[in-house]
Amino acid sequence: MIIDKSKSSERAAGLDLFRVLSVIMVFIFHTHIHHHCSYGPLNGFVSMGAIFMTAFFMLSGFVLYLTYNKQNLVDIQALRGFYLKRLFGIIPLYYVSALIYVLCFGNEGFTQKILLVPIDMLGLQSTFSSLFEVSHHDGTWFISCLLLAYAAFPFMQEVIKQMSTKAKVAAIFVCAFALLWAPLIVHSFSTDSIYASPFYRGLEFFIGALLCSLPQKAKVLYSFKAFFVELIGLVFIVSLAVHNGLSVGNYMLYNWVALPAFALMITTLSGLHSPRLQNSSILRYASAASYAFFMAQTFNTNIECYLFRTYGIENNLAKIAISVAVCSSIAIVMHELFEKKATRFLKKKFKSYI
């Protein structure tokens with residue numbers, strides 16, 4: 001998710017904040033389900049933290065449309081540049097994370113590992129619903145979905161540009177209906193989960209792009225106050241639903257509240273004017289390293305479980321603190337040593353193509 005700050009610097013800062021929030025919520029969710037960390041009255045909401053993957057895909061579509069809507073991605077040179085930039089931004093760190101997991105934590109046999117290589121290299125694991133629990137795929141499935149969404153984006157954008165506002169709103173409602181109805185089918189017929197489905201994640205991505213293309217007139221939304229009201233409303237509704245045992249664990253079913261809430265939050269933060277956010281070096285770095293923080297969660301749990309087991313750590317706060325320290329350390333190392341250097345090298349190497 002790369003934002004062209006020369007085009008919309010103020011909007012970029014708000015979206016950076018939302019990206020960091022989404023990453024943190026997914027991390028907290030993982031500490032809750034893997035280490036049984038408690039967050040007091042927020043436990044209900046945290047137990048459904050996986051809904052923030054919906055936020056991630058919506059934000060990805062929104063940001064790409066914000067960045068590229070003035071460009072003609074049907075042009076072969078622009079299209080080539082778009083694809084190369086996307087690949088350079090995510091593939092190196094993805095490959096490094098997958099390799100570390102396979103070498104250090106993978107339980108598959110040699111033959112199985114060899115069979116998975118082309119699938120992993122092409123990022124096709126999300127097209128096999130039964131591969132979610134195999135190898136590193138429960139941590140890298142979103143990369144697979146994102147790669148497929150990136151592949152379709154240039155065509156999405158050109159279609160969106162030719163749509164009327166009414167048609168865009170209608171398309172959002174159609175996509176939302178599909179996302180809300182599909183989990184009911186999963187629940188009623190006990191089908192495979194659609195949590196890692198590239199099709200349904202692609203619909204969330206498409207909604208984000210459509211949302212960005214709509215006229216932004218509701219200036220009353222562009223404030224921290226509006227954002228906090230939206231966030232508190234989401235926390236309250238999700239917590240209440242979990243308390244009443246409403247399909248807890250069926251994360252995609254919670255799109256009935258997640259989709260409208262995240263649409264409001266993204267809209268609010270996209271138009272937020274805040275010099276403090278814009279000038280925050282901490283937010284800028286956290287946003288830049290957010291992808292590495294995501295990827296660190298591919299194997300940080302294994303390391304933390306080893307530490308907790310070896311040293312008999314059971315204290316709740318200690319487990320949270322150690323999890324934050326381990327994941328953050330891995331993320332910073334991956335960002336500084338692999339992500340930044342690899343992206344810089346590849347962009348320089350293929351400068352004439354992008």
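Structure: see above.
Residues numbered from 1 in each chain as written. Predicted model: local features only at pLDDT ≥ 70, side-chain atom pairs only at ≥ 80, totals over all residues. Heavy atoms only, no water.

**A few points about the overall build of the protein chain**
To keep it simple, the criterion reads: A run of H or I in DSSP counts as a helix once it spans at least four residues, and a run of E counts as a strand once it spans at least two, with each numbered from the N terminus. This radius of gyration counts C-alpha atoms alone. The globule rule is 2.2 Å times how many residues there are, raised to the power 0.38. Each residue is placed in one exposure class: buried if its accessible area under a 1.4 Å probe, protein chains only, is under 20% of its type's maximum, exposed if it is over 50%, and partly exposed if it falls in between. Pairs of residues are marked as contacts when any of their non-hydrogen atoms sit within 4.5 Å. Positive: Lys, Arg. Negative: Asp, Glu. His and the chain ends are not part of the count. Every charge is mapped onto a representative atom, which is NZ of Lys, CZ of Arg, CG of Asp or CD of Glu.
Helix and strand counts for the protein chain stand at 15 helices and zero strands. Relative to the compact-globule value of 20 Å for 354 residues, the protein chain shows a C-alpha radius of gyration of 20 Å, a close match. Seen through its principal axes, the protein chain has C-alpha atoms that stretch 60 × 50 × 45 Å. Counting over 354 residues, the protein chain shows a buried share of 52%. A separation of at least 24 residues holds for 79% of the contacts in the protein chain among residues at least 6 apart in sequence. Across the protein chain, the mean location of the 27 positive side-chain charges is 12 Å away from that of the 16 negative side-chain charges.

**Considering the pattern of salt bridges**
Should the charged atoms of two oppositely charged side chains come close, the side chains can pair. Note the following rule: Within this document, salt bridges are pairs made up of a side-chain nitrogen of Lys or Arg and a carboxyl oxygen of Asp or Glu, the two lying within 4 Å of each other.
In this structure the tally under the stated criterion is four salt bridges. Here Asp 16 makes a salt bridge to Arg 19, at a shortest N to O gap of 2.8 Å. On the criterion of helical spacing, the pair formed by Asp 16 and Arg 19 is a turn pair, its members being three residues apart in helix H1 (residues 9-35). Arg 19 carries the same exposure label as Asp 16, and that label is buried.

**What about the environment of Asp 120?**
As a reminder of what qualifies: Pairing of N or O atoms within 3.5 Å defines a polar contact, subject to two protein rules: one partner must be a possible hydrogen donor and the other a possible acceptor, and residues neighboring in sequence count only if both atoms are side-chain atoms.
Position of Asp 120 relative to the elements: it lies in helix H5 (residues 110-122). Judged by its relative accessible area of 11%, Asp 120 is buried. Apart from the residues lying within four places of it in its own chain, the contact partners of Asp 120 are Tyr 94, Tyr 95, Gln 125, His 136 and His 137. Of note is the side chain of Asp 120, whose polar atom sits 3.1 Å from the side chain of His 136.

**Observations regarding the nonpolar core**
The condition that has to hold: The definition of a nonpolar core used throughout is a set of buried Ala, Val, Leu, Ile, Met, Phe, Trp, Tyr and Cys residues joined through side-chain atoms within 4.5 Å.
Core analysis: the biggest nonpolar cluster contains 106 residues, and Phe 18, Phe 52, Phe 142, Leu 234 and Phe 262 have the highest contact counts within it. At 13 residues, the largest contribution of residues to this core is made by helix H3 (residues 52-68). Apart from the residues lying within four places of it in its own chain, the contact partners of Phe 142 are Met 53, Phe 56, Phe 57, Tyr 291, Phe 294 and Met 295.

**Describing the packing of aromatic side chains**
Here is the rule we go by: Only Phe, Tyr and Trp rings are paired, with Trp represented by its six-membered ring, and only when their centres lie within 6.5 Å; those with planes under 30 degrees apart are stacked, over 60 edge-to-face, the remainder tilted. By definition, being over a ring means that NZ of Lys or CZ of Arg is both within 6 Å of the ring centre and within 35 degrees of the ring normal.
Per the counting criterion, the structure on display carries 29 aromatic pairs. Considering the side-chain rings of Phe 29 and Tyr 251, the 5.5 Å spacing of their centres and the 85° angle between planes classify their relative orientation as edge-to-face. Here Phe 29 is found in helix H1, whereas its partner Tyr 251 is found in the loop between helix H9 (224-243) and helix H10 (255-270), with 222 residues between them in sequence. Just as Phe 29 is buried, Tyr 251 falls in that class too. Between Tyr 254 and Trp 256 the ring centres are 6.2 Å apart and the planes differ by 45°, which places this aromatic pair in the tilted class. Here Trp 256 falls in the partly exposed class, since its relative accessible area comes to 39%. One aromatic cluster is present, formed by Phe 29, Phe 56, Phe 57, Phe 132, Trp 141, Phe 142, Tyr 195, Tyr 251 and Phe 294 through successive ring pairs. In this structure, Arg 86 packs its charged tip against the face of Tyr 150, placed 5.7 Å from the ring centre.

**Brief notes about H10**
Our working rule: Working rule for helices: expected span equals 1.5 Å times residues minus one.
Helix length check: H10 (16 residues) gives 21 Å between terminal C-alpha atoms against 22 Å at 1.5 Å per residue, within 8%. Counted residue by residue, H10 has 13 buried out of 16 residues, so it is predominantly covered.

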